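Each chain, written out:
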Protein chains: 2
Amino acid sequence: VSTNEFDLIERIRRRATTTREDVLLGIGDDAALLEVPAGHALVVATDTLNAGVHFPVETPPADIGWKALAVNLSDLAAMGATPAWCTLSLSLPDADAEWIDAFLEGFMRLAVLHDVALVGGDTTRGPLSISATVHGFVDPARALRRAAAREGDLVWVSGTLGDAAAALEQWRAGALIDPGLRERLDRPTPRVALGRALGGIARACIDVSDGLLADLAHVCAASGVSAQIDVDALPASDVLCAEFGGDARRHLQSAGGDDYELCFTAPAAAREAVETAARNADVYITAIGRIVPRTAGPVMARDAHGAEWMPGTTGWRHFA
Amino acid sequence: VSTNEFDLIERIRRRATTTREDVLLGIGDDAALLEVPAGHALVVATDTLNAGVHFPVETPPADIGWKALAVNLSDLAAMGATPAWCTLSLSLPDADAEWIDAFLEGFMRLAVLHDVALVGGDTTRGPLSISATVHGFVDPARALRRAAAREGDLVWVSGTLGDAAAALEQWRAGALIDPGLRERLDRPTPRVALGRALGGIARACIDVSDGLLADLAHVCAASGVSAQIDVDALPASDVLCAEFGGDARRHLQSAGGDDYELCFTAPAAAREAVETAARNADVYITAIGRIVPRTAGPVMARDAHGAEWMPGTTGWRHFA
């Protein structure tokens, strides 16, 4: 079903109704007009997904829609921010109304869950690519910044690690993809409630998109510290354990990307407050290590026997 | 010169220094933290440029950079907003440092002109595509909205029309492209000062990206009115007149896209205030018609002899 650009925009606009009163003007003008609440900073993140790079080309459009928003909400979560609005730039090889409807189904499902209004964007012809920009608010004094980790902090991670990378590995190998792993790859859960609950309690935070060690290294570099991680303490899902063992599993957990869990640090004395925040956000968290004074390597990973763990790569680099 | 994603981001970060005090946190965290001034609405616009669709593939990277920001600033101008920050999503076939440097040269040159801080974004592998999101402020009572045109308003347009489309036509024909026309296609001037000066004076406003008649039709549809336009009153540059005449020129002026001039309406009684605003913004403007009660067609265009003018197309549709 081919259609033209204006019809596509009209299709999107019909799906983008919102009850948010801070949207003074949404889709349909040259720009959106929005109201940021007093005393809060505006938080802005942008992420792009390209077919064949960030998702297999055969990914169902509804899953692509979900993920395009999820990876962006995950960035807001890592700041401790409350999401509010998003814009969407869609490049499509052709104006396929059925594809758009399915895509929007996934995108808007997640948007509604987080009360995010779609307030603008554009549709253009080109190779399949989705770029979303999300906006939220945070009290700047409670924002979780990469540069805030301090010596003695415990390092925590939410949920489980390695599931998304495991699905990708099965897909690359041409194997049957476990449905549980695939769900984690295609429909990641942005940890918005956890990020918000950690504001004022945790120090540094980042979302795990490139792989735990690579992302934690960003935190360490920004904070001028190093981290010691117990590789055998990294949380693994039952389904990951059923499909992968030993070093293959450790590698997926420590270096696999696309998990969109939060990795954060907090003073050791805040352990109880951190655990309460996680319980209130209904997210399982695990202490995986500790922040130490800066050493040669930003992140030292050891297994339960104290042996140093060197993963094959340091995470997912699009241009590596 | 190939490099990796993190080096690219570092290259961009080095170019993106800003003295804006409302940037609490720029490139380098999960999201940017920004301060919107009290009493102002946030204004957000997104636009994407794809190689081969929005610019010829042989366009110099510095021009692509300039244009990627210009088309977005033009949307803010059409709201009467003051630009402040932008994010940039770059999809590149390979991580070419020279290309990035040239691209940034054009992008940042325009950004500095308008004191716009580059506060975030991402770089990914994929077919060449640039998506920028710009943010600005406006007093909501002074914002220029598409739905605000009223019967009796004069219709105005800034600058000259048809130059960019003329350059594209010469390029498509394989002809030598006139350098003056090419400059207008590759380095459009967003009418930011004019848009701001028109706040509180003009009523409806839109930027001419799809072609005058098509864009004015959006204003009319949103406002529930129609417009009568004198095709022979449309402003033309000397260089356009030198290269194109008669109906070919009329067609470029009325239906050619990519001009990024402002088309706006204002009460006839505000003529003097409009002209003063334009003079203060140092932009030439022309009255080209009038808003009338809604009729069957949104825009009726007539030539100087009163004959109805029907252009071959109603503007640039990416999916047409």
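Residues numbered from 1 in each chain as written. Chains lettered and ligands numbered in written order. Predicted model: local features only at pLDDT ≥ 70, side-chain atom pairs only at ≥ 80, totals over all residues. Heavy atoms only, no water.

## Some thoughts on the overall build of chain A
Across its full length, chain A holds 10 helices and 12 strands. Whereas a compact globule of 320 residues would reach a radius of gyration of roughly 20 Å, chain A reaches 20 Å, a difference of no more than 12%. Overall, the C-alpha framework of chain A stretches about 60 × 50 × 30 Å when taken along its three principal axes. Looking at chain A as a whole, 61% of its 320 residues are labelled buried. Long-range pairs, those at least 24 residues apart, make up 85% of the contacts in chain A between residues at least 6 apart in sequence. Only carbon and sulfur atoms are counted for the fraction: they give 50% of the accessible area of chain A, which is about 12000 Å². If the 27 positive side-chain charges of chain A are averaged to one point and the 43 negative ones to another, these points end up 5 Å apart. (Helix = DSSP H or I, 4+ residues; strand = E, 2+ residues; numbered from the N terminus. Rg over C-alpha atoms; globule rule 2.2 N^0.38 Å. Buried < 20%, exposed > 50% of the residue type's maximum accessible area, 1.4 Å probe, protein only. Contact = heavy atoms within 4.5 Å. Areas by Shrake-Rupley, 256 points an atom, 1.4 Å probe, with all protein chains shown as cover. Lys, Arg positive; Asp, Glu negative; His and termini not counted. Charge placed at Lys NZ, Arg CZ, Asp CG, Glu CD.)

## Digging into the relation of the copies chain B and chain A
Overlaying chain B with chain A gives an RMSD of 0.0 Å, the required rotation being 180° about an axis along which the chain moves by 0.0 Å. One copy is carried onto the other by what is essentially a two-fold rotation axis. With an isologous cut-off of 70% or more, the 100% of interface residues of chain B that recur at the interface of chain A puts this contact in the isologous class. (Least-squares fit on C-alpha atoms with pLDDT ≥ 70 in both.)

## Overview of the interface of chain B and chain A
Between chain B and chain A, the contact holds 62 residues from the first and 62 residues from the second. Approximately 5000 Å² of surface area, both sides summed, lies buried where chain B meets chain A, with 58% of it carried by carbon and sulfur atoms. Where chain B meets chain A, there are 4 salt bridges. The partner of aspartate 29 of chain A in a salt bridge is arginine 146 of chain B, and the shortest N-O contact between them spans 3.9 Å. Linking chain B with chain A are 24 residue pairs in polar contact (both at pLDDT 80 or more), by the criterion used here. (Buried area = accessible area lost by both parts, 1.4 Å probe. Salt bridge = Lys/Arg side-chain N within 4 Å of Asp/Glu carboxyl O. Polar contact = N/O pair within 3.5 Å; in protein donor to acceptor, adjacent residues only side chain to side chain.)

## Brief notes about unusual backbone geometry
Although it is not a glycine, aspartate 282 of chain A adopts a positive phi angle of roughly 60°. Within the element layout of this structure, aspartate 282 of chain A appears in the loop between helix H10 (271-280) and strand E11 (285-293). Residues other than glycine seldom take positive phi values, yet tyrosine 260 of chain B does so here, at roughly 60°. Position of tyrosine 260 of chain B relative to the elements: it lies in the loop between helix H9 (246-255) and strand E10 (262-266).

## Comments concerning the confidence of the model for chain A
Detailed reading of predicted coordinates is not advised where the pLDDT is low. All names here are of chain A. Averaged over every residue, the pLDDT of chain A is 92; the share at 70 or more is 95%. Of the regions scoring below 50 in pLDDT, residues 313-320 engages in 29 contacts with residues more than four places distant in sequence or in other chains. Model confidence for the complex is summarised by a pTM of 0.91, with the ipTM given as 0.89. (pLDDT = per-residue confidence, 0-100.)

## Thoughts on H10 of chain A
Residue and element names in this part refer to chain A. Among the residues of H10, those classed as buried are Val274, Ala277 and Ala278. Down the axis, H10 shows its buried residues gathered within 95° of arc, on one side only. Structural note: H10 exposes Glu272, Arg279 and Asn280 on the side pointing more than 90 degrees away from its buried face. Structurally, H10 contributes buried residues whose contacts are with strand E7 (154-158), helix H6 (192-198), strand E10 (262-266) and E11. (Arc of directions from axis to C-beta.)

## Observations regarding the side chain of serine 131 of chain B
Following the sequence through the fold, serine 131 of chain B ends up in strand E6 (residues 129-138). Of the polar contacts made by the side chain of serine 131 of chain B, one reaches the side chain of threonine 48 of chain B; its length is 3.1 Å. Setting aside anything within four residues of it in sequence, one finds serine 131 of chain B in contact with Ser89 and Ser131 of chain A together with Thr46, Asp47, Thr48, Thr87, Leu88 and Ser89 of chain B.

## Examining helix H3 (residues 97-113) of chain A
Residues and elements named next belong to chain A. End to end, H3 covers 24 Å across 17 residues, agreeing with the expected 24 Å (1.5 Å per residue, within 8%). Burial in H3 covers these residues: Ala97, Trp99, Ile100, Phe103, Leu104, Gly106, Phe107, Met108, Leu110 and Ala111. At the N-terminal boundary of H3, the capping side chain belongs to aspartate 96, with an oxygen 3.0 Å from the backbone nitrogen of glutamate 98. In the stretch just after H3, aspartate 115 is the one whose phi turns positive, near 50°. (Expected span 1.5 Å × (residues − 1).)

## What about the sheet that holds E10 of chain A?
Residues and elements named next belong to chain A. Sheet architecture is open: 6 strands sit in the order E8-E10-E7-E11-E9-E12, paired in mixed fashion. Because the sheet does not close on itself, it has two edges, and the strands there are strand E8 (205-207) and strand E12 (299-302). Adjacent strand axes in the sheet meet at a mean angle of 25°, parallel and antiparallel pairs treated alike. Where E8 meets E10, 3 bridges bridge the pair, whose relative direction is antiparallel. Considered in E10, the bridge of cysteine 205 is made with phenylalanine 264. (Pairing = 2+ DSSP bridges. Axes fitted to C-alpha atoms, helices over the stretch in contact; angles between N-to-C directions.)

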